[in-house]
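# Working through the structure, step by step
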Amino acid sequence: MPMPLWLVRPRSDGGSDYVNFIPSWESLGGATVEVREGSHLPPQMPLLKRRWRLAPAEVEACGRRLQQEAGYRRAEPLF
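Structure report, in brief. (Residues numbered from 1 in each chain as written. Predicted model: local features only at pLDDT ≥ 70, side-chain atom pairs only at ≥ 80, totals over all residues. Heavy atoms only, no water.)

## Comments concerning the nonpolar core
The cut-off we apply is this: Here the nonpolar core consists of buried residues drawn from Ala, Val, Leu, Ile, Met, Phe, Trp, Tyr and Cys, with membership extended through side-chain atoms lying within 4.5 Å. Here the term buried applies to any residue with accessible area under 20% of the maximum for its type, exposed to any over 50%, and partly exposed to those in between, with areas from a 1.4 Å probe on protein chains only. In this description a helix means any DSSP run of H or I spanning at least four residues, a strand means any run of E spanning at least two, and both kinds are numbered starting from the N terminus.
Counting 11 residues, the largest nonpolar core consists of Leu5, Leu7, Val19, Phe21, Val33, Val35, Leu54, Val59, Cys62, Leu66 and Tyr72. The set of elements that each furnish at least two residues to this core consists of strand S1 (5-10), strand S2 (16-26), strand S3 (30-40) and helix H1 (56-69). The element best represented in this core is H1, accounting for three residues.

This is how it looks when you write it as structure tokens:
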């Protein structure tokens, strides 16, 4: 899975829900991927709803689940 990865789901109000996967390096724990979930309704600032970390091996399955079950699609960065 290419990094960073953006998954976007349009909303009925013209905004978008997004999930962003960003590779990072933890000083003690090694390589991880930060997952940021939020929403965006331009011209407002994006709203970060939650974030968590995954092991790199878990990213593919998480992205696939979000696309199949939650209706997200790969997209260019929103902001």
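## With respect to the pattern of salt bridges
Test applied: Salt bridge, as used here, is a side-chain nitrogen of Lys or Arg placed within 4 Å of a carboxyl oxygen of Asp or Glu.
According to the stated counting rule, one finds eight salt bridges in the structure shown. A salt bridge links Glu34 to Arg36, with the nearest nitrogen and oxygen atoms 3.3 Å apart. A relative accessible area of 9% places Glu34 in the buried class. A salt bridge links Arg50 to Glu37; the nearest nitrogen and oxygen atoms lie 2.9 Å apart. One end of the pair, Arg50, is in strand S4 (residues 47-54); the other, Glu37, is in strand S3, with 13 residues separating them in the sequence. Judged by relative accessible area, Arg50 falls into the partly exposed class, the value being 47%. Given the relative accessible area of 21%, Glu37 is considered partly exposed. Where salt bridges share partners, they join Arg9, Arg11, Asp13, Asp17 and Lys49 into one cluster.

## Quick notes on the packing of aromatic side chains
Rules: Classification of ring pairs uses Phe, Tyr and Trp, with its six-membered ring standing for Trp, and accepts pairs whose centres are within 6.5 Å; under 30 degrees between planes counts as stacked, over 60 as edge-to-face, and the remaining range as tilted.
Enumeration according to the criterion identifies three aromatic pairs in this entry. On the numbers, 5.1 Å between centres and 90° between planes, the contact of Trp6 with Phe79 is edge-to-face. One end of the pair, Trp6, is in strand S1; the other, Phe79, is in the segment after strand S5 (73-74), and 73 residues separate them in sequence. Residue class for Trp6 comes out buried when judged on its relative accessible area of 8%. On the basis of an interplanar angle of 80° and a centroid distance of 5.4 Å, the ring pair of Tyr18 and Phe79 is categorised as edge-to-face. Residue Tyr18 is located in strand S2, and its partner Phe79 is located in the segment after S5; the two are separated by 61 residues in the primary sequence. Judged by relative accessible area, which is 4%, Tyr18 ranks as buried. Taken together, the ring pairs in this structure connect Trp6, Tyr18 and Phe79 into an aromatic cluster.

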